[in-house]
Amino acid sequence: MVRSRDQPTPAGAADPETIFFRKKEEKKLFPLLTNPAAPHLLKMAVDENYSMTGLVNQGERNNFVSTWEDNAILKQVLDTHIPDGTEVDSKPIISIVEDILLHATIDAAVNKDTYKASLVPHKVKGESHKSSTDMLLKQLSYIIQVLASVMYRNYLTYVDGHTSAFSLLQMVGNFHWDAKLTLILAAFALNYGSLWLHVHMSSENRAAKQMGILSSIPHMMEHSKVAKPKFDALNKDIHSILELNKCIIQYKELPSTCDRARSKVPIAAYWNVRGIVECVAQIASFTHTEWHETESKKLSFSVHKINDLLEFLKNQLEECHRIKGERKEMEFRNSFNQLYETVHIDNMKILKILLTRRDDPLPLFDGSTKKMVGLEVLRRSYVLLLISRLDMSPDELSLLKKIYYESRIQGSRMDALYNLVWVPIVDPYIDYTDAMHTQFEDMKNSMPWYSVSHPSNIDRVVKKAIRDRWHSRNKPIVVVLDPQGRELSPNALHMMWIWGSTAFPFTMAREEALWREETWRLELLVDGMDPTILNWVREEKYIFLYGGDDIEWIRKFTSDARAIANAAGIPLEMAYVGKSKKSKSVSKTIDTINEEKLSHCLQNTSLIRFFWTRLESMLFSKIQLKRGDDQDLIMQQIKKLLSYDRHGSWALLCKGSQILTNGHASTMLQTPVDFDVWKEHIPSKGFDLSFKDYHDKLHVVANNCCRIEFQIEVGRIPEDMWCPECHRLMEKYIAFLCCHDQTGLLEP
């Protein structure tokens, strides 16, 4: 006769509401793998629950539950933990368990897509992995079956949840915490999966149907609609248990610095096993509707504990990963920098670290052949690393291609040849979308040189090391390495923009040599950009180079300049070079100048952007070479032009190649207006010196402020800077700027 759990307890049997506590001082370790004597030991393990325990009344139990944080349970749990070094890879087992629990349900409320996603990292890959997993499960299948038998027998023999949990923990005492929980959860999945296997097969298989009748499955299915909320709640609870199990598995891989968080693992293990035991009771109670509420309340209390511990451990896990990541990054940065101070036979070690995060035999894409190639193509060659985001401008890319082709022709000697490699940098904290991948593929296929095959090949710590060492932000840079991997230039892009292929082989030594040969002349500013201006230089004409976007000032200035040129009888030409920002406004200004025939212009905004990019590159090149002091004439004049550009309109007067003077809009306009004041000096001094002397006096009186701006994304920003006008140390400010053009950032 079957006795309901609500019926009185027979004489000599334990009250089902009583909690049993172990009082034996020395705990025995249950055999863990296949053992010929295991059946007898199984019986002993179950019998011990009665022979080795004492009774505690209901009030004492409530007091115990309320004070579990006072280490009462923790001490007992730690007593069961006697690891002997047995190692078990929990991940493939937990993957199988999750798969069972996902499908062992009628209609669970847990989102199945999310559930499946959690399985992906641990799916079996390759035959060798599958073989090792099969071997592991073959070794552990016996203990899993024994745990499943004990788990269900404890329920049938009225062993309470606390005592049942401890009996299971004792049986897996020699395993690490992650393996304990995984084996017990696997045992639960074995029972739970078998139940639902009978449910699903009972309509098709007669034997399964008859077995279901013996298990009261028809009774459970008759009440399935009524019990639907119970099924959903149970599956959510099982999901919480799984999440805590996976969280504890991750703690195994953490360093000792996370001991504070790891100290919670034993108590979390207890409540997870307790939750599993009470899930067994909940499932079994589905065949007896009168027991739903009782078992649900017990499980609800345990799951509440599980969720609290899960939240705590997840937060601690994130913190541990953050600390671990920071230390790993710090160690990598130190070793990364040391690599460039060490002598190497070739450049392979450094390039492997920079260009591939795994042992990929073909990590590069050859833009000339459109084929994948290995790093060997770079061995013992000069390597230029083009480091940029995916949105490098077409203008910059087009110019870089021109320089690349020209320098390849110049570098015909074998020892002078170099290879260029694009290193695409994607923010590691944002998702890599299909649109970004399309952008990457388009950029990669448009380049004639080598490219890293995929942005994911650049490890996150490598990106940070690149950022720290070479001050790479959002602007492209070109790092030059010699055949032994030594750094020859932290950014050769500046000299490429200034001198083009003439800067080959793009080393800092070559950059220094080129600056020694340079003087402050008009060709330095407009070299190769406009043949008309270069013709004026050869003809030794007077030339006004001017900029800004104030069209009224431009009309007045060009008109007055022509008037004094006619009066003085000199050949004068003028050329408009725009502004470094406000490309839309500059484009409109160009249209007006051309329409009204006010002067010559650099004919498109791309050329104008390049003019200002070159000028900024001159500044950064000097700073990179530590030539940014106020004794450098070229540096002073570059800073003046950049400052004028920030203030508004400006002009620069040349005679042929020689730059005579430059100044703000106000002084450069006032000088032609006051022509009658200084024209008397032209016969003795000449037009050029007369104009310069009068303008420079106005410039001193005007005493305009000097302002040099740096974008944060350019990377290398000097700690201080000397004023090119008064030679004092300039004040430093932080500014926010928006010019409403396509280079601005959109509000998120």
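From a predicted model like this one, the values you see are computed outputs, not experimental measurements. (Residues numbered from 1 in each chain as written. Predicted model: local features only at pLDDT ≥ 70, side-chain atom pairs only at ≥ 80, totals over all residues. Heavy atoms only, no water.)

(A) Local environment of the pattern of salt bridges. Throughout the structure, instances matching the rule amount to 34 salt bridges. One salt bridge in this structure joins D178 and K252, with 3.9 Å as the shortest N-O distance. Placement of D178 in helix 8 (residues 177-201) and of K252 in the loop between helix 11 (228-251) and helix 12 (259-262) is noted, with a sequence separation of 74 residues between them. Among the charged side chains, a network of salt bridges with common partners joins E98, E243, K246 and K314. (Salt bridge = Lys/Arg side-chain N within 4 Å of Asp/Glu carboxyl O. Helix = DSSP H or I, 4+ residues; strand = E, 2+ residues; numbered from the N terminus.)

(B) Fine view of helix 20 (residues 508-517). Restricting attention to buried positions, one finds in helix 20 the residues E511, A513, L514 and W515. Check the buried side of helix 20 and you find it contacts helix 19 (493-499), helix 21 (522-526), helix 25 (605-624) and helix 26 (633-647). (Buried < 20%, exposed > 50% of the residue type's maximum accessible area, 1.4 Å probe, protein only. Contact = heavy atoms within 4.5 Å.)

(C) Broad picture of the sheet that holds strand 14 (residues 658-664). An order of 12-11-10-13-14 is seen for the five strands of this open sheet, with the pairing classed as mixed. With one partner strand each, in any of the chains shown, strand 12 (600-601) and strand 14 form the two edges of the open sheet. The sheet contact formed by strand 10 (residues 542-547) and strand 11 (residues 572-576) spans five bridges and is parallel. Across the sheet, residue F544 finds its bridge partner in strand 11, namely M574. Strand contacts of helix 23 (residues 551-568): strand 10, strand 11 and strand 13 (650-655), with the helix running at about 165° to strand 11, the strand carrying the most contacts. Against the sheet, helix 27 (residues 665-673) contacts strand 10, strand 13 and strand 14, and its axis sits at roughly 110° relative to strand 14. (Pairing = 2+ DSSP bridges. Axes fitted to C-alpha atoms, helices over the stretch in contact; angles between N-to-C directions.)

(D) Quick look at unusual backbone geometry. For the bond running from F504 to P505, omega is 10°, close enough to zero to count as cis. Tracing the backbone through its elements, the reader meets P505 in the loop between helix 19 and helix 20. We note that F506 has phi near 65°; this positive angle belongs to a residue other than glycine. Among the secondary structure elements, F506 is positioned in the loop between helix 19 and helix 20. Judged by relative accessible area, which is 0%, F506 ranks as buried. Unlike most non-glycine residues, E540 shows phi in positive territory, near 60°. Tracing the backbone through its elements, the reader meets E540 in the loop between helix 22 (531-538) and strand 10. A relative accessible area of 45% places E540 in the partly exposed class.

(E) The packing of aromatic side chains, seen in detail. Under the counting rule described, the total for this entry stands at 31 aromatic pairs. The interplanar angle of 75° and the centroid separation of 5.7 Å between the aromatic rings of Y340 and W470 together place this pair among those described as edge-to-face. Of this pair, Y340 sits in the loop between helix 14 (292-339) and helix 15 (348-355) while W470 sits in helix 18 (residues 460-470); the two residues are 130 residues apart in sequence, bridging distant segments of the chain. Note on accessibility: Y340 and W470 belong to one class, buried. Seen in terms of ring centroids, W497 and F610 are 6.3 Å apart; in terms of plane orientation they differ by 90°. Their pairing is edge-to-face. Pair noted here: W497 is in helix 19 and F610 is in helix 25, with a separation of 113 residues, a long-range link. Looking at F610, the relative accessible area reads 19%, which means it is buried. An aromatic cluster is defined as three or more aromatic residues linked by ring pairs; in this entry it consists of Y542, F544, Y546, W553, F557, Y576, F675, W678, F687 and F691. Note that K180 overlies the ring of W177, its terminal NZ or CZ placed 4.9 Å from the centroid. A cation sits over an aromatic face here: K444 above F365, 4.5 Å from the ring centre. (Phe/Tyr/Trp six-rings, centres within 6.5 Å; stacked < 30°, edge-to-face > 60°. Lys NZ or Arg CZ within 6 Å of the ring centre and 35° of its normal.)

(F) Region of the structure containing the pairing of strand 11. The buried count for strand 11 comes to four of five residues, which makes it a mostly enclosed element. Since strand 11 and strand 12 lie parallel, the crossover through helix 24 (residues 583-596) that links them has a hand, and here it is right-handed. (Right-handed = clockwise from strand over helix to strand, strands pointing away.)

(G) Main features of the packing of helix 23 against helix 24. Direction vectors running N to C along helix 23 and helix 24 enclose 35°, while the axes themselves pass 11 Å from each other. Our pair here, helix 23 against helix 24, has a crossing hand that is right-handed. Where helix 23 abuts helix 24, its residues I551, I554 and R555 lie against T589, T592, I593 and E596. Partitioning the contact of helix 23 with helix 24 into residue classes produces three nonpolar, two polar and two charged. (Left-handed = near helix turned anticlockwise from the far one by under 90°. Nonpolar A, V, L, I, M, F, W, Y, C, P; charged D, E, K, R; others polar.)

(H) Seen up close, the sheet that holds strand 4 (residues 371-373). On the basis of which strands lie adjacent, the open sheet formed by seven strands has the order 4-3-7-6-5-8-9 and mixed pairing. Looking at which strands have only one partner, the edges of the open sheet turn out to be strand 4 and strand 9 (487-489). Put simply, the sheet's adjacent strands are angled 30° from each other on average, direction ignored. Across five bridges, the pairing between strand 5 (residues 382-388) and strand 8 (residues 477-481) is antiparallel. Paired with I387 across the bridge in strand 8 is I477.

(I) Representation of the nonpolar core within the structure. If you look at the biggest cluster of nonpolar residues, it comprises 98 residues, and the most contacted ones within it are F506, L525, F544 and L545. It is helix 25 that contributes the most residues to this core, nine residues altogether. Discounting residues that sit within four places of it in the chain, L525 has contacts with W520, L545, F611, R614, L615, M618, L641, L652 and I659. Counting 71 residues, the second largest nonpolar core, distinct from the first, contains L147, Y155, W177 and I267. (Core = buried A, V, L, I, M, F, W, Y, C linked by side-chain atoms within 4.5 Å.)

(J) Geometry of the pairing of strand 10. Counting buried positions along strand 10 gives six out of six residues, so the element sits mostly inside the fold. Every second residue of strand 10 is oriented toward a common face, with Y542, F544 and Y546 on one face and I543, L545 and G547 on the other, all of them buried. The parallel pair strand 10 and strand 11 is bridged by helix 23, and the resulting crossover is right-handed. Across six bridges, the pairing between strand 10 and strand 13 is antiparallel. Residue pairing in the sheet places G547 in a bridge with W650 of strand 13.

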